[in-house]
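Okay, here's what each chain looks like letter by letter:
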Amino acid sequence: MAFLADALSRVKPSATIAVSQKARELKAKGRDVIGLGAGEPDFDTPDNIKKAAIDAINRGETKYTPVSGIPELRKAIAAKFKRENGLEYSWEQTIVGTGGKQILFNAFMATLNPGDEVVIPAPYWVSYPEMVALCGGTPVFVSATQEHNFKLQPADLEKAITPKTKWFIFNSPSNPTGAAYTHAELKALTDVLMKHPHVWALTDDMYEHLTYGDFKFVTPVEVEPKLYDRTLTMNGVSKAYAMTGWRIGYAAGPIQLIKAMDMIQGQQTSGATSIAQWAAVEALNGTQDFIPENKKIFEGRRDLVVSMLNQAKGIVCPVPEGAFYVYPSCAGLIGKTAPSGKIIETDEDFVSELLESEGVAVVHGSAFGLGPNFRISYATSEDLLEEACRRIQRFCGACK
């Protein structure tokens, strides 16, 4: 009898975490490495949020919390959905988790049975299919190609839905591509969902506040209110508020689903960290003035990276609408010979040779379900990004 669970054979390690770890290991050995793998803002958590956490400690807010979150945070979440998205949720319809990952995992754990299908647009965040597989479901991938700016087409969504489909995962702005859907583009997808009342929508809005230019963010239930009773809307404080390490994600949805997720979390981790929850209360209720300032910095970084990558031989880099990623194609380098003498046959070969040759760590696109591409996170300084892009240009130019 095998000791480890069969479920482990259905999942792979996180490619994004693996790249960051490899970059750290090379740095520890003295290599000059620029890591562009992690999806983590380089900004510090704002002072008002840090102060709220310190005040919570000084008040003695250091005990266990209710499984679904402290009432103050759940009320702040309901107020946020009303204020920013026009969505009416009672605070009892909300839940707080240890990051957005736990919210998603618990939703799948609460709903998936063997044979249930989950439609996942590709490119996708690396954890979606692994979570589905761990919870006994079957991921069904639908390509959102570069030809359509990495946005899922309604006809392709329609073809992917079967009587076994339980969930459709929707992420806008997208990790890994930065693609964000307009109201009209999203309405075309929700029209498809309206024809299939057995399909629920799980929306990952983690990058909601990071859109650029005149782009206006919308979430599916905002576009199609009739999906309210079969949508879980997930968000968190990690990206917009530079609070990745605080580990607070949240969601709102139908009460029966929230109660089921609460039951699972009660036997799993119980409530998220009390101090981080009080910090999140301040994040949602306090000043939002720093968000436009940070967005402007991110937008400048995006424009720099897109411009420099499009000057690299064999690279084509679309302009994303949001998040802090670009997802360039390296198709022009496939079949070329790297400076080491190795032939680049895949996007994984490309990123491996780039790291060894120039010390730039990026993530191969096939890890996200669509290549030959690679993902760069531009959540780091312009100086580092400029140097990294120069190295990429040099590497591409040296490939024959």
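Reading the values: the criteria
Residues numbered from 1 in each chain as written. Predicted model: local features only at pLDDT ≥ 70, side-chain atom pairs only at ≥ 80, totals over all residues. Heavy atoms only, no water. Helix = DSSP H or I, 4+ residues; strand = E, 2+ residues; numbered from the N terminus. Expected span 1.5 Å × (residues − 1). Buried < 20%, exposed > 50% of the residue type's maximum accessible area, 1.4 Å probe, protein only. Arc of directions from axis to C-beta. Contact = heavy atoms within 4.5 Å. Polar contact = N/O pair within 3.5 Å; in protein donor to acceptor, adjacent residues only side chain to side chain. Core = buried A, V, L, I, M, F, W, Y, C linked by side-chain atoms within 4.5 Å. Disulfide = S-S within 2.5 Å. Pairing = 2+ DSSP bridges. Axes fitted to C-alpha atoms, helices over the stretch in contact; angles between N-to-C directions. Parallel < 35°, antiparallel > 145°, perpendicular 65-115°, else oblique. Nonpolar A, V, L, I, M, F, W, Y, C, P; charged D, E, K, R; others polar. Phe/Tyr/Trp six-rings, centres within 6.5 Å; stacked < 30°, edge-to-face > 60°.

1. Brief notes about helix H7 (residues 183-194)
Consideration 1: For H7, built from 12 residues, the straight-helix expectation of 16 Å at 1.5 Å per residue is met to within 8% by its first-to-last C-alpha distance of 16 Å.
Consideration 2: Among all positions in H7, only Leu186, Leu189, Thr190, Val192 and Leu193 are buried. End-on view of H7: buried residues confined to an arc of 150 degrees, all on one side of the axis.
Consideration 3: Turning to H7, the residues buried within the fold contact helix H6 (154-160), strand E5 (165-171), strand E6 (200-204) and helix H8 (220-223).

2. Some words on the environment of Arg391
Consideration 1: Position of Arg391 among the secondary structure elements: in helix H13 (residues 382-398).
Consideration 2: Overall, Arg391 belongs to the buried group, its relative accessible area being 7%.
Consideration 3: Setting aside chain neighbours within four positions, we find Arg391 in contact with Asp32, Ile34, Glu358, Gly359 and Val360.
Consideration 4: A polar contact is formed between the side chain of Arg391 and the side chain of Asp32, at a distance of 2.5 Å.

3. Concerning the nonpolar core
Consideration 1: Counting 80 residues, the largest nonpolar core has Phe108, Leu232, Leu309, Ile315 and Phe350 as its most contacted members.
Consideration 2: The contacts of Leu309, once residues within four sequence positions are left out, are Ile315, Cys317, Val326, Pro328, Ile376, Cys389 and Ile392.
Consideration 3: Judged by nonpolar contacts, the second largest core, of 29 residues, contains Val96, Tyr250, Trp278 and Ala283.

4. Observations concerning the state of the cysteines
In a disulfide, the sulfur atoms of two cysteines are covalently bonded to one another.
Consideration 1: A complete count under the given rule lists zero disulfides for this structure.
Consideration 2: Residue Cys389 stays outside any disulfide, its sulfur separated by 8.5 Å from that of Cys317, the closest cysteine.
Consideration 3: On the basis of relative accessible area, Cys389 is assigned to the buried category, the value being 2%.
Consideration 4: As a non-bridged cysteine, Cys399 has Cys396 as the owner of its nearest cysteine sulfur, 6.0 Å distant.

5. Focus on the pairing of strand E8 (residues 249-252)
Consideration 1: Alternating positions in E8 separate into two faces, Gly249 and Ala251 on one and Tyr250 and Ala252 on the other, with burial throughout.
Consideration 2: Pairing of strand E2 (residues 94-97) with E8 involves four bridges; the strand directions are antiparallel. Bridge pairing in E8 places Ile95 opposite Ala251.
Consideration 3: With four bridges joining them, strand E7 (residues 231-236) and E8 adopt antiparallel strand pairing. Pairing of Asn235 across the sheet is with Tyr250, part of E8.

6. A short note on the sheet that holds strand E3 (residues 117-122)
Consideration 1: With respect to topology, seven strands assemble into an open sheet ordered E2-E8-E7-E6-E5-E3-E4, the strand pairing being mixed. The strands lining the two open edges of the sheet, one partner per strand, are E2 and strand E4 (138-143). With direction set aside, neighbouring strand axes in the sheet form an average angle of 20 degrees.
Consideration 2: Relative to the sheet, helix H3 (residues 71-85) contacts E2, E7 and E8, its axis offset from that of E2 by approximately 120 degrees.
Consideration 3: Together, E2, E5, E6, E7 and E8 form the strand contacts of helix H9 (residues 255-266), whose direction differs from that of E2 by roughly 25 degrees.

7. Topic: the packing of helix H4 (residues 100-111) against H9
Consideration 1: Here H4 crosses H9 at 105 degrees, and the two axes come no closer than 9 Å. By the criterion of interaxial angle, the relationship of H4 to H9 is roughly perpendicular. Residues Gln102, Ile103, Asn106, Ala107, Met109, Ala110 and Thr111 of H4 form the contact with H9, whose own contacting residues are Leu257, Ala260, Met261, Ile264 and Gln265.
Consideration 2: Residue classes in the contact of H4 with H9 are distributed as eight nonpolar, four polar and no charged.

8. Description of the packing of aromatic side chains
Consideration 1: This model, assessed by the stated rule, comprises 20 aromatic pairs.
Consideration 2: The interplanar angle of 70 degrees and the centroid separation of 6.5 Å between the aromatic rings of Phe298 and Tyr378 together place this pair among those described as edge-to-face. Of the two residues, Phe298 sits in helix H11 (residues 290-309) while Tyr378 sits in the loop between strand E12 (374-377) and H13, which places them 80 residues apart along the sequence.
Consideration 3: Take Phe298: its relative accessible area is 1%, and that puts it in the buried class.

9. Some remarks on H3
Residues that lie three or four places apart on an α-helix share one face, since the helix turns once every 3.6 residues.
Consideration 1: Across its 15 residues, H3 extends 21 Å between first and last C-alpha, which sits within 8% of the 21 Å expected from 1.5 Å per residue.
Consideration 2: Of the residues making up H3, those classed as buried are Leu73, Arg74, Ala76, Ile77, Ala78, Lys80, Phe81 and Asn85.
Consideration 3: The inward-facing, buried residues of H3 abut E2, H8, E7, E8, H9 and helix H10 (274-285).
Consideration 4: One or two residues past the end of H3 sits Gly86, with phi positive at roughly 65 degrees.

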